[in-house]
Amino acid sequence: MNISRQEYPRPQFVRDSWENLNGTWEFEMDLADSGAARGMEKAETAFSKQINVPFCPESELSGIGNKDFMAAVWYRRIIRIPAEKLSGRVLLHFGAVDYECTVYVNGEKAGTHRGGYSSFCFDITEHVKAGENLLTVQARDDVRGARQPGGKQSDQYGSYGCMYTRTTGIWQTVWLEYTSRCYLENVHTIADAASGVLAFSAKICGEAADAALHTTVSYKGQAVAETTVPVHTGTTDFSVTVENPQLWDVGQPNLYDLCYELTVNGETVDTVSAYCGFRTIELKNHAFYLNGRPVFQRLVLDQGFYPDGIYTAPSDEALKHDIELSMQLGFNGARLHEKVFEERFLYWADRLGYLVWGEQANWGLDITTPEGVMNFLPEWLEVLNRDFNHPAIIGWCPFNETWDREGRKQDDRVLELVYRATKAVDSTRPVIDTSGNFHVATDIYDIHDYEQDPGIFAERYGATTPEHIYDTYENRQHYAGQPFFVSEYGGTWWSNESTDGWGYGNGPATQEELADRYCGLTETLLGNEYTCAFCYTQLYDVEQEQNGMYTYEREPKFKPEIYARITATNQKPAAIEKKK
């Protein structure tokens, strides 16, 4: 069987005993969402199509390419379980399934999950037998119902404005993992660069009377710290100290390897490899401090779309390549926009020293009533749990542009509760409640402004002070002296071929004019000592939105000398970086 995306899907928590389930599955569209009533989970039910998992059925890489609405879809394949594996646990993992997923094993329901962007796992041990087993997956999706996060997925038949092709069903790797009856479920790490203390919070699943966890910390192949602690079912906290830790930083991705070895009665029952990075984040003097110094975040907007895979990158190399394209232009990070990116992208950000903001795909969800919390927070907490250990993530932003819905304003309690829940889970990173508008409680105050005239832009942002900012919605939100961030700007239209796309404002007549505009806008933000970051829209075109630095296919749009000007501007020292 030809298997797409063969790399290990969870690089922060690696086991050797696993099996990739990507590749050819049976497939059926269920446009009326009647499949459950018709017994689609039963072995005798015929499926008429095949799909290439993990690509969504809207994508060309899936082999389906249906871009119309699909209320539900069904997947089916045979999995083979070796008899010797049944003495332990059989775990079935999904990187992401949009939106409500129900799994059947041999016709019996094995689990249900709601949330199109968070990873999840079912223990299917009690449902499988040695040899062949029938695995069936139902995914239900409704981006028009206002009760689920949908991000930039179009709620109309076709793409329009900044809304693009939908993703239905499985869109990340599906895989099996084999563990012992007692195993390590996850470990959260906090690496304190100032003290060298590396704190662990390890969660054990399964009961064991005499269990211990041996942890080894290594740097460039040499062990630098280790400890063994007794553990029990639930969570165990412990720490080690690393002398003179090498810091993870922008373009300097110093990472420490971790090895966890779980023993029961002196016998090793589980081994997991991971990694971590030592770095500190502080907000002070109206600046973002990384490892004790002010660092200006030169970010670009990355929406995580691909012309052939939609939400799913065609390869692991494509994920890495997007980061490399950004860094080549002098950007040091990205807003991962209206989408929770797959872990392999975060792995490459960690490995390359690339700053990213973690964001949820809140568009499409009604948050004008408290019900919005119920439909948002459980999935968001799963995201925080999954991505907690990535040093590249330097902040969280659960919402983006929380616009009025049919004349009804956002329920501020929803934003404040999610902000406080995020801070409770992770006190080590700043949180922006909602990017751009409308702020309720936020650590960094950001705004969006697509003014194309550098002169007007300079009047607005050249004079920013802790007492005064230009606020695009000052009648709906209140600045209280936080660090200031222009988190969307530019978005200038340019296409060498298409005339039916769009960008912000009037398109420039020449590439030179576009470069003048980019440099003028960007130099204003770099030159103000109270602006801590910018995020330019965007890294590459997405479908009809043609304001990227590259085409949708990641090909160059501009002449080399234009890219040279953009890069030189991005690399200029920022005024805020001169602070002590």
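My aim in this report is to walk through the structure given alongside it, one point at a time. Since we're looking at a predicted model, the values are computed, not measured.

### Here's the deal with the overall build of the protein
- Summing up its helical and strand segments, the protein has seven helices and 33 strands in all.
- In summary, the protein has a C-alpha radius of gyration of 24 Å against a globular reference of 25 Å for 580 residues, a match within 12%.
- The dimensions of the protein, computed from C-alpha atoms along their principal axes, are 70 × 60 × 45 Å.
- The burial tally for the protein puts 61% of its 580 residues in the buried class.
- Sequence separation of at least 24 residues holds for 71% of the intrachain contacts in the protein that already meet a minimum separation of 6.
- Counting only carbon and sulfur atoms, one obtains 48% of the accessible surface of the protein, whose full area is about 21600 Å².
- On the protein, the mean spot of the 51 positive side-chain charges and the mean spot of the 84 negative ones are 1 Å from each other.

### Quick look at the packing of aromatic side chains
- A complete count under the given rule lists 41 aromatic pairs for this structure.
- Each ring, one from Phe376 and one from Phe399, has its centre 4.2 Å from the other, and the planes form 20°; the classification is stacked. With Phe376 in helix H3 (residues 371-387) and Phe399 in strand E29 (residues 399-400), this residue pair connects regions lying 23 residues apart in the sequence. Note on accessibility: Phe376 and Phe399 belong to one class, buried.
- By the ring-pair criterion, three or more aromatic residues cluster together here, those being Phe296, Tyr445, Phe457, Tyr461, Tyr470, Tyr479, Phe484, Tyr489, Tyr518, Phe534 and Tyr536.
- Directly above the aromatic system of Tyr347 lies the positively charged group of Arg344, at a separation of 4.7 Å from the ring centroid.
- The ring of Tyr540 carries Arg554 above its face, with NZ or CZ at 3.5 Å from the centroid.

### Digging into the nonpolar core
- Phe345, Val356, Phe485, Tyr489 and Met549 are the most contacted members of the largest nonpolar core, which has 103 residues in total.
- Excluding residues within four positions of it along the chain, Tyr489 makes contact with Asp449, Tyr450, Phe457, Tyr518, Leu521, Thr522, Leu525, Phe534, Cys535, Tyr536 and Thr537.

### Some details on unusual backbone geometry
- Of note, the amide linkage connecting Val53 to Pro54 takes the cis form, showing an omega dihedral of 20°.
- Its location among the elements puts Pro54 in the loop between strand E3 (49-53) and strand E4 (72-81).
- Along the chain, Asn437 connects to Phe438 via a cis peptide bond; the corresponding omega equals 0°.
- Residue placement: Phe438 occurs in the loop between strand E30 (434-435) and strand E31 (445-448).
- Even without being glycine, Asn244 reaches a positive phi, approximately 45°.
- The phi angle at Ile310 is positive, at roughly 60°, despite the residue not being glycine.
- Residue position: Ile310 is located in the loop between strand E25 (297-302) and helix H1 (316-328).

### Structural notes on the environment of Asn400
- Inspection of the secondary structure puts Asn400 in strand E29.
- A C-alpha to C-alpha distance of 35 Å links Asn400 and Trp25, two positions 375 residues apart in sequence.
- Here the side chain of Asn400 touches Arg335 through a polar contact of 3.1 Å, side chain to side chain.

### Description of the sheet that holds strand E20 (residues 256-264)
- Across the sheet, which stays open at both edges, the four strands sit in the order E16-E15-E20-E21 with antiparallel pairing between neighbours. Edge positions in the sheet fall to strand E16 (222-231) and strand E21 (267-276), since each of these pairs with one other strand and no more. Ignoring strand direction, the axes of neighbouring strands in this sheet form an average angle of 15°.
- Across eight bridges, strand E15 (residues 211-219) lies against E20 in antiparallel orientation.

### What about the pattern of salt bridges?
- Evaluation of the coordinates by the stated rule reveals 39 salt bridges.
- Arg76 is the salt-bridge partner of Glu26, the closest N and O atoms lying 3.0 Å from each other. A residue pair is termed long-range when its members are at least 10 positions apart, and Glu26 in strand E2 (residues 23-29) and Arg76 in strand E4 qualify at 50 residues.
- Note on Glu26: relative accessible area 29%, which makes it partly exposed.
- Under the relative-accessibility criterion, Arg76 is labelled buried at 5%.
- A single salt-bridge network, built from bridges that share partners, covers Arg10, Arg15, Glu177 and Asp270.

Criteria and thresholds
Residues numbered from 1 in each chain as written. Predicted model: local features only at pLDDT ≥ 70, side-chain atom pairs only at ≥ 80, totals over all residues. Heavy atoms only, no water. Helix = DSSP H or I, 4+ residues; strand = E, 2+ residues; numbered from the N terminus. Rg over C-alpha atoms; globule rule 2.2 N^0.38 Å. Buried < 20%, exposed > 50% of the residue type's maximum accessible area, 1.4 Å probe, protein only. Contact = heavy atoms within 4.5 Å. Areas by Shrake-Rupley, 256 points an atom, 1.4 Å probe, with all protein chains shown as cover. Lys, Arg positive; Asp, Glu negative; His and termini not counted. Charge placed at Lys NZ, Arg CZ, Asp CG, Glu CD. Phe/Tyr/Trp six-rings, centres within 6.5 Å; stacked < 30°, edge-to-face > 60°. Lys NZ or Arg CZ within 6 Å of the ring centre and 35° of its normal. Core = buried A, V, L, I, M, F, W, Y, C linked by side-chain atoms within 4.5 Å. Polar contact = N/O pair within 3.5 Å; in protein donor to acceptor, adjacent residues only side chain to side chain. Pairing = 2+ DSSP bridges. Axes fitted to C-alpha atoms, helices over the stretch in contact; angles between N-to-C directions. Salt bridge = Lys/Arg side-chain N within 4 Å of Asp/Glu carboxyl O.

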